[in-house]
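Single-letter residue listing:
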Amino acid sequence: MVAVVSPTPTASRLSWLVPVVTALQPLVIALLLGAVVLAIAGHNPLETYGLLFAESFGSTKRIAATLSASTPLIFTGLATAIAFRAGAFNVGVEGCVNVGGLAAAFVGFTFVSLSAFILLPAAIVAAAIFGTLWMVIPGLLKSRLDVDEVVTTLMLNFIAISLTAWLVNGPLLAPGSANSATPMIADAARLPKLMRGSTLNAGFLIALAFVILYWLWGKWAALGFETRLAGMNARFATASGMNVPGLVFKMMLLSGAIGGIAGGVHALGNVFRYVSGFSPGYGFVGIAVALLGRGNAFGILLAAILFGALATSGATIQLFSDVPIEIVNILQGLVMIFAVARFSWIFSRRAKS
Amino acid sequence: ADKPVALVIAQGGLGDQSYNDLAYAGFQRALKETGLEGKPVESKDIVAQAADILRRASDADFGLILDLEYSHGEPMVEVAKDYPDTTFAILNQVQKGDNIVSVLFQEQEGSYLAGMLAAQVTTDTSIKGINDKPILGVIGGTKSAGIDKFIAGFIEGAKAANPKVEVKVAYSNNFGDPALGQQMAKAMYEEGADIIYQIAGGTGIGVIQAAKETGHYAIGVDGDQDGLAPGNVLTSMIKRADVAVENVVKDYAKDVKLGGTTVAFGLKEDGVGLSEMKFTKDLIPAAYLEKVEAAKADIISGKIKVWNVVDQGYPDYLK
Amino acid sequence: MNTVSNPTAARVRLGAHGVTRRFGTLIANDTVDFSALAGTIHAIVGGNGAGKSTLMRILQGMDRPDAGTVIVNDQPATLNGPADAFDKGIGMVHQEFMLVPGLTLLENLVLAREPVKGLGLIDRDKALGAARALEKEAGVTLDWDMLVDDAPVHVRQIVEILRLLYRGADVLILDEPTAVLAPSQIRELIALLKRLRDDGRTILFISHKLDEVMGVSDDITVIRAGRVIRSMKTSETTKAELAELMIGEILHETSARPGQQGKSVLVAENLSADDSRGVAKLKSANFTVHAGEIVAIAGVSGNGQDELIGAVTGLIAARGGSVSLSGNDISKLPLPARRARGLAYLSPDRAAEGLCLEASIAENAIVGHHRRSAFVSAGILKLGQIAAHAEKLLDAYSVKRASSDLPISSLSGGNQQRVAIARELDGNPDILVACQPTRGVDIRGIAFIHQCLLEYRDRGGAVLLVSEELNEIITLADRIIVLYNGELRGELHRGDGDIELIGRMMLGEAA
Amino acid sequence: MIDNIIHAALIMTTPVLLAALGGLINRTGGLVNIGLDSMMLVGALVGLILASGNGNWGVALAGAGFAGAMMGLMMSLCVTRLSANEIIVGLGFNIVAAGLVRFFLKTTYETSGTLSLPDVTRLPRWDIPVIEDIPVLGAIFSGHDILTWAAWLLVPVTVWFLARTRPGLRLRAAGAGPKAARALGLDPLRTKDLSTVFAGFMSGLAGAYLSIGVVGIFNEGITAGRGFIAMAAFYFGRTRPVMTAIGALLFGFFDAFQIRLQGRGLPAELVQTLPYVMVIVILTLIAIAAKKSRGVKS
Ligand SMILES: Nc1ncnc2c1ncn2[C@@H]1O[C@H](COP(=O)(O)OP(=O)(O)OP(=O)(O)O)[C@@H](O)[C@H]1O
Ligand SMILES: Nc1ncnc2c1ncn2[C@@H]1O[C@H](COP(=O)(O)OP(=O)(O)OP(=O)(O)O)[C@@H](O)[C@H]1O
Ligand SMILES: [Mg+2]
Ligand SMILES: [Mg+2]
């Protein structure tokens with residue numbers, strides 16, 4: 001009888017496992033489904049998964065590649081999460097990545113005579129500023145006129161992509177380039193590499209710093225506290241004396257700033273210019289990262305690393321197997337879908353109620 | 001050489017109905033003939049993964065890495081320095097390096113011929129579907145120097161044949177939306193164009209569909225697209241990316257020293273040119289074709305120098 | 001008048017045998033035995049969180065017991081969901097309203113059993129006909145094309161009940177149906193319930209108001225902490241005994257002492273305001289609240305209370321007139337600024353506005369005060385101080401909780417309300433605008449909250465009390481103003497008026 | 001000129017409108033469907049395959065609708081039965097569908113990206129005698145195919161369905177008050193599932209419209225994000241059919257317009273943003289007008 005009421009010592013020692021298992025369960029189901037697809041396509045699932053793992057985490061170089069690929073996703077995940085936190089469904093981070101990336105690249109290839117101590121911060125600040133500016137219109141529309149932010153930010157993505165495409169092929173086109181690209185940025189504007197022979201750069205450290213800041217901000221900052229409450233219950237927050245539209249506006253801008261920095265860091269640390277195909281949808285993956293990480297700082301970090309690992313290993317396993325990229329995409333989608341599913345439902349008798 | 005070969009696929013991926021698909025076809029032919037091992041590498045995030053993929057392939061002991069992605073030029077120079085024993089190949093641009101081979105195409109030369117042919121045809125009302133207006137159209141996939149290189153050559157060729165000809169230019173901003181291509185083409189046909197040159201991948205397939213539906217003409221690109229709508233594709237401006245890739249791989253297999261060289265594929269090398277016009281040859285008066293042939297000879301001999309947007313920037317008529 | 005065929009003259013129309021329901025470690029229902037006899041009104045009473053709603057949900061098939069069975073017509077029965085319960089003639093009006101927003105009253109009435117012509121087309125005439133017949137039976141008239149969102153609470157309540165009749169239910173489970181009604185509306189409802197019973201229907205009635213329970217019911221079951229304490233005939237018990245059974249101790253009624261009127265704190269002059277659709281709801285109201293007094297605004301909901309509260313607190317912009325606080329005009333200030341000047345506001349809608357249900361208990365206790373210099377410096381919260389302060393506050397208001405870090409939704413309604421009051425009175429505001437402070441709270445909680453308000457007043461606080469509970473108003477208020485149709489009428493002083501008089505004034509009958 | 005713009009605008013509108021109506025029903029039932037694009041893509045492929053070899057276009061449409069509906073069902077089950085977040089599931093479906101389509105093309109047709117099949121039966125266009133020769137009216141009413149007609153007829157039908165019918169009422173109830181619906185013995189989860197199946201069906205048709213109605217081939221980029229535009233359309237219309245249709249038409253019109261605006265000295269990239277800019281501008285104007293009218297009353 002006693003055993004039923006109070007958990008046994010063994011159970012309590014292993015109780016930390018419960019959330020881990022719960023978190024892994026969807027991943028396992030996604031992998032199982034992926035295995036079915038692989039098997040149908042005539043690939044050995046175990047071999048493929050082994051290869052994917054090795055190409056993501058199998059050596060220092062591969063780990064570096066994974067972290068490098070996850071860097072922009074950490075930023076976009078945080079940018080999205082911060083707007084969600086305030087109750088604004090901002091799907092426009094993709095646009096911010098593009099304008100931010102172009103702004104940083106512009107500073108980086110224009111003011112080439114400046115020293116790194118000035119140029120690098122200036123380029124990142126430019127990215128943040130342009131990302132912020134990009135969110136002013138939807139932020140104002142949402143907070144002042146209650147115009148749905150999903151539509152406006154989605155539209156602004158298309159506009160950002162077209163606008164940057166125009167700039168980079170017209171006024172900002174590198175002479176002698178056959179595709180739309182700015183000139184390369186000055187060496188002084190480049191973020192230092194963390195490891196020779198890899199693309200992992202100081203941008204990842206900045207991303208980590210942002211994760212920690214985001215966590216601290218959510219826990220310790222008065223603004224973070226207010227944002228969370230406003231996002232959970234706007235009426236309550238208003239009645240408690242908060243300026244909810246103002247908060248929403250601020251958080252949309254902050255989201256834009258971080259989105260801009262995502263692009264800036266990507267331009268200064270990896271691509272070294274702005275070029276067509278600069279962002280293959282980092283902003284959209286950021287939505288998944290934010291939701292997968294459940295808005296939690298470390299959840300976002302893990303989710304970004306997961307997607308980064310799939311992106312980087314998905315490309316390089318093609319060197320060692322015949323598994324085509326689409327299988328990797330399918331896998332990615334499955335992980336996304338099932339990572340947010342709750343399978344307890346199936347086993348629970350009364351979940352219906 | 002017997003180390004394996006990698007082919008890095010450019011943005012747009014396999015299935016773009018043009019550049020990537022063509023290059024991959026040449027790649028496969030070469031592998032079959034030489035018996036070499038080889039892998040294509042695609043990625044959604046191809047721009048950012050440039051160095052990552054090139055290094056991984058080098059580390060994995062691939063002997064030749066062909067890269068179709070334009071934005072990989074500069075990263076390749078960096079990576080190539082660290083792997084002197086690996087040969088790298090980049091297309092559409094010249095990059096310096098002892099172990100880098102650059103492959104260039106003179107698409108403007110082939111486009112010139114296409115323009116010259118179209119400008120002659122467009123006022124010949126004896127041909128079905130042709131009106132008397134000297135109006136031609138071009139639909140490009142994106143506004144970029146790489147695409148405008150085709151367009152400039154086309155316009156130059158058209159003006160050479162008939163200075164009064166007007167060339168309408170539009171961009172789809174999308175290489176994979178045939179419905180859009182079809183609508184754009186129809187809009188151009190409505191405005192009096194009767195021949196449209198498409199340089200827009202999958203979007204361009206819609207242009208050819210529009211030609212077929214409205215009884216006008218399209219000009220195909222990259223591969224021989226004459227068969228997509230027999231009789232409605234006036235000709236195709238073929239860019240032998242497949243031959244280029246095939247040749248590079250074969251040379252590598254034969255241990256020809258490739259590093260540090262630049263291979264050009266123009267009219268002279270048969271790297272670009274018009275299709276054989278299997279379905280339209282009989283429609284077109286022979287005189288027009290003769291004039292095109294003459295221009296081709298002049299370009300090969302150097303008598304005509306066609307404008308190259310990538311090297312020379314934009315000409316006045318395409319600003 | 002349609003009569004209900006008494007189903008095979010069963011003695012126990014609806015009941016439970018050994019029903020147990022656990023939520024995690026909490027036992028909400030502990031081997032509950034319960035029998036509602038056919039053709040009776042059976043009241044179920046108990047404190048907040050006693051397990052009343054849980055038991056009712058089980059009896060309506062919304063929830064299933066972990067052990068035990070439901071009894072229908074003397075026989076054990078299994079209820080596979082609410083549809084099954086409806087088939088057996090059992091319907092329920094839930095504690096929280098279960099009307100669909102965005103639908104009209106008529107649509108809500110017929111939802112799930114719509115009369116149709118061919119093609120699934122709803123037969124509006126038939127639906128309206130049925131609605132009119134039900135109206136007659138209940139003795140009301142409704143605008144059936146009104147959207148639920150626009151309907152006042154008592155109308156919604158009526159629609160919920162009519163809906164059960166429409167579905168042909170002869171067992172009506174009503175979970176706190178009177179919590180939001182005015183006295184006259186309560187009387188009407190009770191009369192209706194009695195009529196329905198006399199037609200042979202069986203009614204399960206939950207309320208925290210023991211007067212009502214004594215007045216309406218034939219039988220009473222008392223539940224405490226998930227167990228049935230006793231079932232009895234209403235005629236065999238008294239209010240005092242019920243109260244003692246419910247809470248396990250004897251509760252002393254709050255005694256009303258007159259307050260000491262001080263200087264004027266809140267002055268409203270010619271205040272008028274519109275509702276969200278621009279309809280004038282508050283017309284030129286004038287009143288003053290002094291330090292050390294409780295001024296109550298009595299009125300049936302929908303007569304302008306929301307607009308009055310909104311205009312005083314700054315939640316909505318007034319259309320005209322002015323509000324001043326301690327001599328300063330605050331008419332143009334938004335709510336945060338008014339709060340900063342010493343105004344506190346206890347919302348009538350605890351779940352949606354008064355509390356943030358997903359946030360923790362401690363957070364709910366501190367919100368609004370977290371920018372105090374003791375709790376924040378340079379935008380960084382001093383979490384240690386805040387937690388300590390929250391603990392102190394929660395202890396002072398005896399909030400029963402496992403841990404202050406749990407979401408506040410884990411508390412019972414009474415305890416939730418304590419948190420809200422603790423927060424609003426923290427920091428000694430100049431004036432508290434307290435709206436429906438005891439809605440849905442059990443008798444022990446009510447006594448406690450009343451005590452808090454009186455102590456605050458005695459410390460020199462000013463209270464503007466807006467309530468539909470006349471008993472509450474009589475107990476607490478030093479002055480009573482009646483709000484009818486957007487106008488303030490008559491002013492009564494402590495001891496002046498009786499419930500009947502105020503009730504008539506609320507309906508615009510007397511001045 | 002104006003005739004041509006009208007005609008082109010209507011053609012560009014049809015797929016967006018079809019999917020938007022599906023999405024609207026879906027959202028009314030309580031699910032915001034970000035995966036419309038994936039259902040469109042699969043519909044486009046299935047439609048083309050069934051219409052090839054001189055197939056029957058009716059069968060092709062049915063097949064495309066069915067394929068989309070199946071995708072909708074799977075998506076809905078993930079949301080309603082596995083309580084997965086609908087936004088992520090939608091994004092995930094877009095990725096998985098794109099991958100599966102490429103994979104299928106590679107393994108079955110040994111092609112990638114584009115599928116061009118012989119003898120594709122195209123959707124017939126109906127010319128209406130007399131009217132077809134009247135300017136403007138002819139462009140509006142003549143020369144359209146069954147799906148264009150269906151899409152526009154469905155607008156009033158949807159209004160009627162939601163306002164007047166039993167399933168319409170239950171759908172609204174499932175979306176706006178699932179708890180209440182359940183308390184009344186309805187099954188809101190199943191209603192939600194059905195509404196997603198419908199959204200999938202409509203998106204499948206929209207896809208088939210692109211592949212066998214407009215171009216006659218399939219390309220993996222054939223939807224070109226029109227599923228997202230459809231989503232924007234029903235957001236634009238605040239889930240009301242007529243406004244949603246206007247939103248879809250707005251896209252179609254400005255799309256047709258921008259094509260014709262090109263090559264007139266304006267940069268192509270900037271002209272192409274016209275539809276998106278217009279949506280923001282119009283939403284803003286509507287919001288300002290709404291605010292003003294509220295201000296006037298008070
Ligand atoms: N879905 C649920 N999950 C977890 N706990 C629950 C749930 N529903 C009720 N409880 C718990 O069960 C207990 C009984 O709740 P119930 O709603 O039956 O109380 P009640 O008697 O109706 O109270 P009140 O008078 O305040 O309405 C409470 O402690 C409550 O916290
Ligand atoms: N899913 C749930 N998980 C945990 N607690 C729950 C859940 N659902 C309801 N409860 C709790 O059950 C208790 C009783 O619920 P109920 O709906 O009867 O309201 P209440 O707390 O009694 O408040 P009131 O009577 O004032 O409305 C509350 O504490 C409520 O928060
Ligand atoms: Mg002509
Ligand atoms: Mg209850």
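Computed from a predicted structure; not experimentally measured. (Residues numbered from 1 in each chain as written. Chains lettered and ligands numbered in written order. Predicted model: local features only at pLDDT ≥ 70, side-chain atom pairs only at ≥ 80, totals over all residues. Heavy atoms only, no water.)

Quick notes on the coordination of the magnesium ion (ligand 4)
Geometrically, a metal with four donors at the corners of a regular tetrahedron has ideal angles of 109.5 degrees, and one with six donors at the corners of a regular octahedron has ideal angles of 90 or 180 degrees.
All names here are of chain C.
Here's step 1: Every protein donor of the magnesium ion (ligand 4) is listed here as Ser 53 (OG) and Gln 95 (OE1), and their distances to the metal cover 1.9 to 2.1 Å. A residue pair is termed long-range when its members are at least 10 positions apart, and Ser 53 in helix H1 (residues 52-59) and Gln 95 in the loop between strand E6 (90-93) and helix H3 (105-110) qualify at 42 residues.
Here's step 2: A relative accessible area of 13% means that Ser 53 is categorised as buried.
Here's step 3: The exposure class assigned to Gln 95 is partly exposed, which follows from its relative accessible area of 38%. (Donors = N, O, S within 2.8 Å, 3.2 Å for Na, K, Ca; no water. Helix = DSSP H or I, 4+ residues; strand = E, 2+ residues; numbered from the N terminus. Buried < 20%, exposed > 50% of the residue type's maximum accessible area, 1.4 Å probe, protein only.)

A short note on the interface of chain A and chain C
Here's step 1: Chain A puts 21 residues into the contact, and the matching count from chain C is 33 residues.
Here's step 2: Summed over both sides, the interface between chain A and chain C buries roughly 2200 Å², with carbon and sulfur atoms accounting for 58% of that surface.
Here's step 3: Applying the counting criterion to the chain A and chain C interface returns 4 salt bridges.
Here's step 4: Asp 349 of chain C is the partner of Arg 235 of chain A in a salt bridge, and the nearest nitrogen-oxygen pair spans 3.5 Å.
Here's step 5: Along the contact surface separating chain A from chain C lie 10 residue pairs in polar contact (both at pLDDT 80 or more).
Here's step 6: For the side of chain A that touches chain C, the secondary structure elements donating two or more residues are helix H10 (202-220), helix H11 (222-232) and helix H12 (234-239) of chain A.
Here's step 7: In terms of residue count, the dominant contributor to the side of chain A that touches chain C is H11 of chain A (7 residues). (Contact = heavy atoms within 4.5 Å. Buried area = accessible area lost by both parts, 1.4 Å probe. Salt bridge = Lys/Arg side-chain N within 4 Å of Asp/Glu carboxyl O. Polar contact = N/O pair within 3.5 Å; in protein donor to acceptor, adjacent residues only side chain to side chain.)

Details of the domain arrangement of chain C
All names here are of chain C.
Here's step 1: Under the domain assignment, chain C is made up of domain 1 (7-247), domain 2 (252-342 + 429-511) and domain 3 (355-427).
Here's step 2: Between the C-alpha centres of domain 1 and domain 2 there is a distance of 33 Å.
Here's step 3: Contact with domain 1, which involves 21 residues of that partner, is made by 17 residues of domain 2.
Here's step 4: Between domain 1 and domain 2, the buried area comes to about 1500 Å², and carbon and sulfur atoms account for 53% of it.
Here's step 5: Along the contact surface separating domain 1 from domain 2 lie 1 salt bridge.
Here's step 6: A salt bridge links Glu 469 to Lys 209, with the shortest nitrogen-to-oxygen separation between them at 2.7 Å.
Here's step 7: Between domain 1 and domain 2 we count 3 residue pairs in polar contact (both at pLDDT 80 or more) in total.
Here's step 8: Partitioning the side of domain 1 that touches domain 2 into residue classes produces 10 nonpolar, 5 polar and 6 charged. (Domains from an automatic or database assignment. Nonpolar A, V, L, I, M, F, W, Y, C, P; charged D, E, K, R; others polar.)

As for the interface of chain D and chain A
Here's step 1: Listed as interface residues are 41 residues of chain D and, on the opposing side, 45 residues of chain A.
Here's step 2: Between chain D and chain A, roughly 3800 Å² of surface is buried when both sides are summed, and carbon and sulfur atoms account for 80% of that area.
Here's step 3: It is Leu 82, Ile 88 and Phe 103 of chain D that lose the most area in chain D upon contact with chain A, and together they represent 16% of the buried surface on that side.
Here's step 4: At the boundary of chain D with chain A, the tally comes to 2 salt bridges.
Here's step 5: For Glu 326 of chain A, the salt bridge goes to Lys 106 of chain D, with nearest N and O atoms at 3.0 Å.

Focus on the packing of H11 of chain A against helix H13 (residues 244-271) of chain A
All names here are of chain A.
Here's step 1: Look at H11 against H13: their axes get within 10 Å of each other, and the N-to-C directions meet at 110°. Our classification of the angle between H11 and H13 gives roughly perpendicular. Within the contact between the two elements, H11 uses Leu 223, Glu 226, Thr 227 and Ala 230 and H13 uses Val 244, Leu 247, Lys 250 and Met 251.
Here's step 2: A class-by-class count of the residues in the contact of H11 with H13 yields 5 nonpolar, 1 polar and 2 charged. (Axes fitted to C-alpha atoms, helices over the stretch in contact; angles between N-to-C directions. Parallel < 35°, antiparallel > 145°, perpendicular 65-115°, else oblique.)

Focus: the site of ligand 1
All names here are of chain C.
Here's step 1: Taken together, the neighbourhood of ligand 1 is formed by 15 residues, with Asn 48, Gly 49, Lys 52, Ser 53 and Thr 54 sitting nearest.
Here's step 2: In the model, an oxygen atom of ligand 1 is placed 2.6 Å from a nitrogen or oxygen of the Ser 53 side chain.
Here's step 3: Relative to its unbound accessible surface of 630 Å², ligand 1 loses 70% to contact with the protein.
Here's step 4: Counting residues per element, the ones that place at least two in the shell around ligand 1 are strand E2 (26-37) and H1.
Here's step 5: For the shell around ligand 1, the leading source of residues is H1, giving 4 residues.
Here's step 6: Of the residues contributing to the shell around ligand 1, the split by class is 4 nonpolar, 8 polar and 3 charged. (Near = heavy atom within 4 Å. Areas by Shrake-Rupley, 256 points an atom, 1.4 Å probe, with all protein chains shown as cover.)

Section: the site of ligand 2
Residue and element names in this part refer to chain C.
Here's step 1: The environment of ligand 2 is formed by Asn 48, Ser 53, Gln 95, Glu 176, Arg 350, Ser 409, Leu 411, Ser 412, Gly 413, Gln 416 and Gly 440.
Here's step 2: Gln 95 is positioned with one of its side-chain polar atoms (N or O) 2.6 Å from an oxygen atom of ligand 2.
Here's step 3: Contact between ligand 2 and Leu 411: an oxygen atom at 2.3 Å from a main-chain N or O atom of the residue.
Here's step 4: For ligand 2, whose free accessible area comes to 590 Å², the fraction covered by protein is 51%.
Here's step 5: Taken together, the residues of the shell around ligand 2 break down into 1 nonpolar, 8 polar and 2 charged.
Here's step 6: Residue contributions to the shell around ligand 2 reach at least three from each of two domains, namely domain 1 (7-247) and domain 3 (355-427).

Section: the sheet that holds strand E1 (residues 12-23) of chain C
Two strands in a sheet stick together by hydrogen bonds in their backbones, pointing the same way (parallel) or opposite ways (antiparallel).
Residue and element names in this part refer to chain C.
Here's step 1: If you walk across this open sheet you meet the 4 strands as E2-E1-E4-E5, and the pairing is antiparallel. One side of each edge strand has no neighbouring strand; the edge strands of this open sheet are E2 and strand E5 (75-77). Adjacent strand axes in the sheet meet at a mean angle of 30°, parallel and antiparallel pairs treated alike.
Here's step 2: As judged from the 8 bridges shared by E1 and E2, these two strands associate in the antiparallel manner. (Pairing = 2+ DSSP bridges.)

A look at the coordination of the magnesium ion (ligand 3)
Residue and element names in this part refer to chain B.
Here's step 1: Thr 122 (O), Thr 122 (OG1), Asn 131 (O), Asn 131 (OD1), Lys 133 (O) and Asp 194 (OD) make up the full set of protein donors to the magnesium ion (ligand 3), lying at 2.1 to 2.8 Å.
Here's step 2: Each of the 6 donor atoms around the magnesium ion (ligand 3) contributes to a set of angles spanning 58 to 163°, which defines the coordination as irregular.
Here's step 3: All donors of the magnesium ion (ligand 3) come from a single chain, and their spacing in sequence reads T-x8-N-x1-K-x60-D. (Tetrahedral: all angles 85-135°; square planar, octahedral: opposite > 155°, others 65-115°.)

Looking at the pattern of salt bridges
Once the charged atoms of two side chains with opposite charge are near each other, the side chains can pair.
Here's step 1: Inspection of the entire model under this criterion finds 69 salt bridges over all chains.
Here's step 2: Measuring nitrogen to oxygen at the nearest pair gives 2.3 Å for the salt bridge that ties Arg 228 of chain A to Glu 363 of chain C. Here Arg 228 of chain A, found in helix H11, pairs with Glu 363 of chain C, found in helix H12 (residues 361-366), and the two come from separate chains.
Here's step 3: A residue is classified by how much of its surface remains accessible, and Arg 228 of chain A, at 23% relative accessible area, is partly exposed.
Here's step 4: On the basis of relative accessible area, Glu 363 of chain C is assigned to the buried category, the value being 18%.
Here's step 5: If you follow the salt bridges from partner to partner, you end up with Arg 29, Glu 33, Arg 240, Asp 242, Glu 246 and Lys 250 of chain B in one network.

Some points on the sheet that holds strand E16 (residues 343-346) of chain C
Residue and element names in this part refer to chain C.
Here's step 1: Overall, mixed pairing links the 6 strands, which are arranged E16-E19-E20-E13-E21-E22 in an open sheet. One side of each edge strand has no neighbouring strand; the edge strands of this open sheet are E16 and strand E22 (487-493). In this sheet, adjacent strand axes meet at a mean angle of 20° when their direction is disregarded.
Here's step 2: One ladder, built from 4 bridges, connects strand E13 (residues 294-298) with strand E21 (residues 479-484); its direction is parallel. Along E21, the bridge assignment pairs Ala 296 with Ile 480.

Regarding the nonpolar core
Here's step 1: Residues Met 155 and Leu 268 of chain A, Phe 88 of chain B together with Val 89 and Phe 218 of chain D are the most contacted members of the largest nonpolar core, which totals 232 residues.
Here's step 2: The element that contributes the greatest number of residues to this core is H13 of chain A, accounting for 15 residues.
Here's step 3: Residues in contact with Val 89 of chain D, not counting those within four places in the same chain, are Ile 337 and Val 340 of chain A together with Met 75, Cys 78, Val 79 and Ala 84 of chain D.
Here's step 4: Among the nonpolar cores identified, the runner-up in size contains 68 residues, and Leu 99, Val 155 and Ala 179 of chain C together with Ala 181 of chain D belong to it. (Core = buried A, V, L, I, M, F, W, Y, C linked by side-chain atoms within 4.5 Å.)

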